[in-house]
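What follows is each chain in one-letter form.
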Amino acid sequence: MKSSTPRFIALDVFRGMTVCFMIIVNTPGNGGTTYSPLLHAQWNGFTPTDLVFPSFMFAVGNAMSFVMKRWEGLPQSQVLWKIFKRTFIIFLLGYLMYWFPFVHWNEQHQLEGNPLATTRIMGVLQRIALGYGIAALMIYYLKPRTSYIYSFTGLYYYCVETVPIHITC
């Protein structure tokens, strides 16, 4: 069945290549003999592995630029529904992925449910979902200049709070 919305082949290929690279990065073999570019770098630098998450965020932002044109003809409630639904689905999939397989064998060899309290809340998909949700709302409600100011202010605040600066005299 053909979709009524056009596909952007280059974006689909980029996403596919990023997913393939993510699979390679997430399953590099044993820790002792892993090829070093498939490991995350220490704070001082990066390896190709460290490009997976930014690549996903780039793909999300790129896809948003195509969907924004369709938002113009829709009522606000429908646009907000689409944004919140997509954000929720991506966040939930990421959460369920960390919670999977949902059960484990206990010491009495009985199946026991994995506790929700020990499931990682802020994984990669969850961060992508929140990034998408915030960016989509900013683009929908704010002027481009204001979006840029908020984005760069947030990036600056993140860098100031997380990047250790060592000043030597």
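The coordinates are above.
First, a word on what this report is: a plain description of the structure on this page. In this text the structure is predicted, and so the values were computed from the model without any measurement.

### Focus on the overall build of the protein
Secondary structure summary: the protein contains five helices and two strands in total. Order of helices (α) and strands (β) in the protein, N terminus to C terminus: α-α-α-β-β-α-α. Its C-alpha atoms give the protein a radius of gyration of 20 Å, clearly above 15 Å, the size a compact globule of 169 residues would have. Structurally, the protein occupies a C-alpha span of about 60 × 60 × 35 Å along its principal axes. The burial tally for the protein puts 20% of its 169 residues in the buried class.

### Some points on the environment of V124
Relative to the helices and strands, V124 resides in helix 4 (residues 124–141). Note on V124: relative accessible area 38%, which makes it partly exposed. Taking the C-alpha atoms as reference, V124 lies 7.4 Å from F53; in sequence the two are 71 residues apart. Apart from residues no more than four positions distant in its own chain, V124 is found in contact with F53 and Y98.

### Quick word on the environment of T27
Here T27 is to be found in the loop between helix 1 (9–26) and helix 2 (52–71). On the basis of relative accessible area, T27 is assigned to the exposed category, the value being 58%. Residues T27 and L38, spaced 11 residues apart in sequence, show a C-alpha to C-alpha distance of 9.2 Å.

### Points about the packing of aromatic side chains
Applying the stated criterion to the full structure yields four aromatic pairs. Between W71 and Y140 the ring centres are 6.1 Å apart and the planes differ by 85 degrees, which places this aromatic pair in the edge-to-face class. Placement of W71 in helix 2 and of Y140 in helix 4 is noted, with a sequence separation of 69 residues between them. Owing to a relative accessible area of 5%, W71 belongs among the buried residues under this scheme. The partly exposed category is assigned to Y140, whose relative accessible area is 26%. A centroid spacing of 5.0 Å and a plane angle of 80 degrees characterise the contact between Y140 and Y141, whose relative ring orientation is edge-to-face. Every member of this aromatic cluster is reached through a ring pair, and the members are W71, Y140 and Y141.

### A look at a nonpolar patch on the surface
Together, F100, F102, V103, W105 and L111 line one region of the surface with nonpolar side chains, adding up to about 550 Å² of accessible area. Taking relative accessible area as the criterion, L111 reaches 53% and is therefore assigned exposed.

### Thoughts on helix 2
Here helix 2 spans 28 Å end to end across 20 residues, near enough to the 28 Å set by a 1.5 Å rise per residue. The sharpest bend along helix 2 comes to roughly 30 degrees, located at S65. All of the buried residues along helix 2 are V52, S55, F56, A59, V60, M64, V67 and W71. Residues of helix 2 that are buried make contact with helix 1, helix 3 (76–99) and helix 4.

### Let's talk about the side chain of T49
Considering the arrangement of structural elements, one finds T49 in the loop between helix 1 and helix 2. On the accessibility criterion, T49 (2% relative accessible area) is buried. Discounting chain neighbours no more than four positions away, the residues touching T49 are F21, V25, P37, L38, L39 and H40.

### Some thoughts on the side chain of N114
Along the polypeptide, N114 turns up in the loop between strand 2 (111–113) and helix 4. Every residue in contact with N114, bar those within four places of it in the chain, is listed here: W99, P101, F102, V103 and H104.

The rules behind these values
- Residues numbered from 1 in each chain as written.
- Predicted model: local features only at pLDDT ≥ 70, side-chain atom pairs only at ≥ 80, totals over all residues.
- Heavy atoms only, no water.
- Helix = DSSP H or I, 4+ residues; strand = E, 2+ residues; numbered from the N terminus.
- Rg over C-alpha atoms; globule rule 2.2 N^0.38 Å.
- Buried < 20%, exposed > 50% of the residue type's maximum accessible area, 1.4 Å probe, protein only.
- Contact = heavy atoms within 4.5 Å.
- Phe/Tyr/Trp six-rings, centres within 6.5 Å; stacked < 30°, edge-to-face > 60°.
- Patch = residues over 30% accessible without salt bridge, like charges linked within 9 Å, V, L, I, M, F, W, Y side chains within 5 Å.
- Areas by Shrake-Rupley, 256 points an atom, 1.4 Å probe, with all protein chains shown as cover.
- Salt bridge = Lys/Arg side-chain N within 4 Å of Asp/Glu carboxyl O.
- Expected span 1.5 Å × (residues − 1).
- Bend = angle between axes of the 7 residues up to and from the residue.

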